[in-house]
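# Coordinates in review
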Amino acid sequence: MDNKRILIIDDEETIQTVVQFGIRMAAGWEVFTASSGFEGIQTAQTEKPDVILLDVMMPDMDGIATFKELQSHSETEQIPVILLTAKAQTAEKRQFNDIGVSGVITKPFNSLDLPEQISRILHW
């Protein structure tokens, strides 16, 4: 696998750490972290990651609002976004697909499987 650049936007530090560790261990990809939607948008604009893993449930600016904001900027609108969520009922998945996210990974997940899941979703 090529060396990819991943941005994880999640307000929980433990999730950031687990994802960062798992992706580095399993694939050796570079991982950036952001703790809020606002911070994530800024990081995405400066780092230009290959994909964004975005938590749906966050305070202030949730994942959906963050995704819509990313889509409204020319620097970030082409970056694929995969939602991380504990809410993965069929209705929610349909709603997520309707707004144009690349995929959904449900929590809890095995962080060592993330590179494989990301690659499958994005056809890398």
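Residues numbered from 1 in each chain as written. Predicted model: local features only at pLDDT ≥ 70, side-chain atom pairs only at ≥ 80, totals over all residues. Heavy atoms only, no water.

### As for the environment of Val101
One can find Val101 in the loop between helix 4 (90-99) and strand 5 (103-106). Linking Val101 and Val81, residues 20 residues apart in sequence, is a C-alpha distance of 5.4 Å. Beyond its immediate chain neighbours, meaning those up to four positions away, Val101 contacts Phe67, Val81, Leu83 and Phe96. (Helix = DSSP H or I, 4+ residues; strand = E, 2+ residues; numbered from the N terminus. Contact = heavy atoms within 4.5 Å.)

### Section: the nonpolar core
In this structure, Leu7, Ile9, Ile52, Leu54, Val81, Leu83 and Phe96 are the most contacted members of the largest nonpolar core, which totals 20 residues. At the level of elements, strand 1 (5-9), strand 2 (30-34), helix 2 (37-47), strand 3 (51-55), helix 3 (63-71) and strand 4 (81-85) are the ones that each hand at least two residues to this core. By residue number, the principal contributor to this core is helix 3, which donates three residues. With residues up to four places along the chain from it excluded, the contact list for Val81 reads Ile52, Leu54, Phe67, Leu70, Val101, Ser102 and Gly103. Judged by nonpolar contacts, the second largest core, of 16 residues, contains Ile15, Val31, Ile82 and Leu122. (Core = buried A, V, L, I, M, F, W, Y, C linked by side-chain atoms within 4.5 Å. Buried < 20%, exposed > 50% of the residue type's maximum accessible area, 1.4 Å probe, protein only.)

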